[in-house]
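Each chain is listed here by its residues.
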Amino acid sequence: MKINGVRLRGIASAVPECIRAIEEDAKNFPDSDMTKISESTGVRKRHVVMGDLCTSDLCFAAAERLLESTSVGKSSIDTLIFVSQTPDYLLPATSCSLHGRLGLEKHCASFDVNLGCSGYIYGLWLASNLISCGSAKRVLLLAGDTISRISSPRDRSVALLFGDAGTATILERDDDGLPMSFVLGTDGSGQQNLIVPAGGFRTPHSEKTCLPTEREGGNIRSDENLYMNGAEIFTFTLKEVPPMIKSLVTDYDAIDAVVMHQANKFMLDYLAKRLKLPKEKLILTLENFGNTSSASIPLALSVALSGKLRDASLRLLLAGFGVGYSWGAVTLSCGPMVMPDLVKVSENAVKHSREDV
């Protein structure tokens with residue numbers, strides 16, 4: 001599907017100050033070859049939240065930096081979309097909390113979207129549709145996750161992979177904007193392969209659900225921790241992602257860079273080989289950030305392509321896929337655009353903004 005008349009004004013990303021290197025995790029997995037794991041995942045370190053720092057705090061910091069850098073007036077934001085699977089509360093919607101903290105106007109619609117790995121693409125699709133059809137003129141899209149909060153530190157399938165980040169993107173009406181082409185899909189039959197089984201309303205929190213026990217392969221976690229069946233996720237990815245991308249792109253000469261969800265290096269390298277994607281066009285930022293779920297694509301843009309996007313227009317292919325199962329991709333031209341430097345957030349830096357609401 002094509003959407004016209006929209007442009008990306010800018011992107012900002014924020015990460016927690018606290019860094020956790022893979023060597024620090026070694027004590028939890030004394031029998032594991034950490035070097036081999038790191039080479040496979042591509043992860044050397046991750047930024048992780050400490051104390052009561054939440055996804056909303058990271059997205060708030062990114063949004064404040066972006067609004068300041070673009071000189072966009074807060075009164076001109078008429079829609080706020082928050083994409084995350086790690087909200088502040090069961091209710092109210094975290095978008096409403098962020099609306100208050102950011103000081104946006106009452107005419108601004110705000111809502112949450114519960115999606116992870118594909119979430120940024122879905123967010124772009126939602127925001128672009130709202131603008132294209134005239135329901136909005138300028139959208140603030142916030143996407144991020146703090147998966148470290150729901151990952152067991154003694155489950156090697158997730159503990160060594162996931163990092164935390166929050167991002168902000170401003171989209172706005174531009175009659176001269178080049179078309180965006182989207183492909184989206186879902187297969188809910190795979191939901192059990194990447195899931196937090198308990199803690200919601202289907203299986204409420206209890207003493208039993210929060211009790212860590214030994215699981216497959218010696219991993220230790222509770223039913224309120226993230227479970228990932230890596231083999232099934234890999235199978236799903238190889239089945240759905242190549243045809244999705246081929247439906248959008250047949251000639252990589254027309255694409256300057258490809259930014260996929262930063263799942264893990266082995267998977268992305270395998271996809272690139274299957275798609276015959278030139279290695280120099282695949283963006284990888286896993287080494288210093290890990291898999292940051294819904295934030296991974298805009299974070300990769302901020303880290304790897306900010307210098308180019310500040311000065312020139314690039315033709316990009318963005319693709320997200322994972323939890324749900326859910327997937328989406330888009331081809332778009334963006335830039336020159338505002339790309340502030342990466343924001344590093346401490347708990348004290350956002351404490352007052354929380355207290356003021």
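Residues numbered from 1 in each chain as written. Predicted model: local features only at pLDDT ≥ 70, side-chain atom pairs only at ≥ 80, totals over all residues. Heavy atoms only, no water.

Re the nonpolar core
Just so we agree on the cut-off: Side-chain atoms within 4.5 Å are what join buried Ala, Val, Leu, Ile, Met, Phe, Trp, Tyr and Cys residues into a set we call a nonpolar core. Buried, partly exposed and exposed residues are distinguished by accessible area as a fraction of the type maximum, computed with a 1.4 Å probe on protein chains only: under 20%, between the cut-offs, and over 50%, respectively. Secondary structure elements follow DSSP: runs of H or I no shorter than four residues count as helices, runs of E no shorter than two count as strands, and numbering proceeds from the N terminus. Contacts are assigned to residue pairs that have any heavy atoms within 4.5 Å of one another.
With 37 residues, the main nonpolar core has Leu8, Tyr120, Leu124, Leu301, Leu305, Leu316 and Leu318 as its most contacted residues. Here this core takes 6 residues from helix H5 (residues 119–132), the largest share from any one element. Sequence-distant contacts of Leu316, that is, excluding residues within four places in its chain, are made with Ile255, Ala257, Leu301, Leu305, Val330, Thr331, Leu332 and Cys334. Val158, Leu194, Tyr252 and Met260 belong to the second largest nonpolar core, which has 36 residues in total.

A few points about the sheet that holds strand S9 (residues 180–186)
Just so we agree on the cut-off: Two strands are counted as paired when DSSP detects at least two bridges linking them. Axes here refer to lines fitted to C-alpha atoms; in helices the fit is confined to the stretch in contact. Angles between the N-to-C directions go from 0 to 180 degrees.
Pairing is mixed across the open sheet formed by 5 strands, whose spatial order is S1-S9-S16-S15-S14. If you trace the sheet from one side to the other, it starts and ends with strand S1 (2–3) and strand S14 (257–260), each paired once. Two elements, S14 and strand S15 (residues 314–322), share 4 bridges in a ladder whose sense is parallel. The residue of S15 that forms the bridge with Ala257 is Leu316. Contacting S1, S9, S15 and strand S16 (326–334), H5 crosses the sheet at an angle of about 125° to S9.

Focus on a nonpolar patch on the surface
Put simply, the rule is: The patches described consist of residues with a relative accessible area above 30% and no salt bridge, like charges being joined within 9 Å and nonpolar side chains (Val, Leu, Ile, Met, Phe, Trp, Tyr) within 5 Å. For every accessible area listed, the method is Shrake-Rupley and the probe measures 1.4 Å; residues are considered covered only by the protein chains on display. Salt bridges are identified by distance alone: a Lys or Arg side-chain nitrogen within 4 Å of an Asp or Glu carboxyl oxygen.
A surface patch of nonpolar side chains, amounting to about 450 Å² of accessible area, comprises Leu90, Leu91 and Phe201. Take Phe201: it is sitting in the loop between strand S10 (194–195) and strand S11 (213–214). The exposure class assigned to Phe201 is exposed, which follows from its relative accessible area of 73%.

Let's talk about the packing of helix H3 (residues 55–70) against helix H4 (residues 94–102)
Which entries qualify depends on this criterion: Roughly parallel covers angles under 35 degrees, roughly antiparallel covers those over 145, roughly perpendicular covers 65 to 115, and oblique covers all other angles. Here a crossing is taken to be left-handed if its near helix is turned anticlockwise relative to the far helix by less than a right angle, and right-handed if that turn runs clockwise. Polarity classes work like this: nonpolar for Ala, Val, Leu, Ile, Met, Phe, Trp, Tyr, Cys and Pro, charged for Asp, Glu, Lys and Arg, and polar for all others, with Gly in that last group.
Following both chains from N to C, one finds H3 and H4 inclined at 40°, their axes separated by 11 Å at the closest point. Between H3 and H4, the interaxial angle falls into the category oblique. As H3 runs across H4, the sense of the crossing is right-handed. Each of Ser56, Asp57, Phe60, Ala63 and Glu64 in H3 lies in contact with H4, whose residues at this interface are Thr94, Leu98, Arg101 and Leu102. By residue class, the composition of the contact of H3 with H4 is 4 nonpolar, 2 polar and 3 charged.

Observations regarding the sheet that holds strand S6 (residues 109–113)
Spatially, 6 strands are ordered S6-S5-S7-S8-S2-S17 in an open sheet, and the strand pairing comes out mixed. Edge positions in the open sheet fall to S6 and strand S17 (343–345), since each of these has one partner strand only. With direction set aside, neighbouring strand axes in the sheet form an average angle of 20°. Across 3 bridges, the pairing between strand S2 (residues 6–16) and S17 is parallel. Looking at S17, one finds that Ala14 is bridged to Val343. Sheet strands in contact with H4 are strand S5 (79–83), S6 and strand S7 (138–146), and its direction is about 130° off that of S5. Against the sheet, helix H10 (residues 296–304) touches S2 and strand S8 (164–173), its axis set at about 90° to S2.

Some thoughts on the pairing of S15
Of all 9 residues in S15, 8 are buried; the element is thus mostly enclosed. Note: S15 against S16, 9 bridges, orientation antiparallel. Residue pairing across strands places Leu318 opposite Val330, the latter belonging to S16. Here S15 hands over to S16 after 3 residues, with Gly324 in that stretch at a positive phi of 140°.

Side note on the packing of aromatic side chains
Aromatic rings considered in pairs are described by the distance between their centres and by the relative angle of their planes. Using the following cut-off: Each aromatic pair joins two rings of Phe, Tyr and Trp (for Trp, the six-membered one) with centres within 6.5 Å, and gets the label stacked for planes under 30 degrees apart, edge-to-face for over 60, and tilted for any other angle.
Per the stated rule, a full pass over the model turns up 6 aromatic pairs. A ring pair is formed by Phe236 and Trp327, whose centres lie 5.7 Å apart and whose planes are at 50°; its orientation type is tilted. Taken together, the residues span a long stretch of sequence, with Phe236 in helix H7 (residues 230–246) and Trp327 in strand S16 at a distance of 91 residues. Ring geometry for Phe266 versus Tyr270: centroids 6.2 Å apart, planes at 40°, classification tilted. Separated by 4 residues within a single helix, Phe266 and Tyr270 lie in helix H8 (residues 265–275), roughly one turn from each other.

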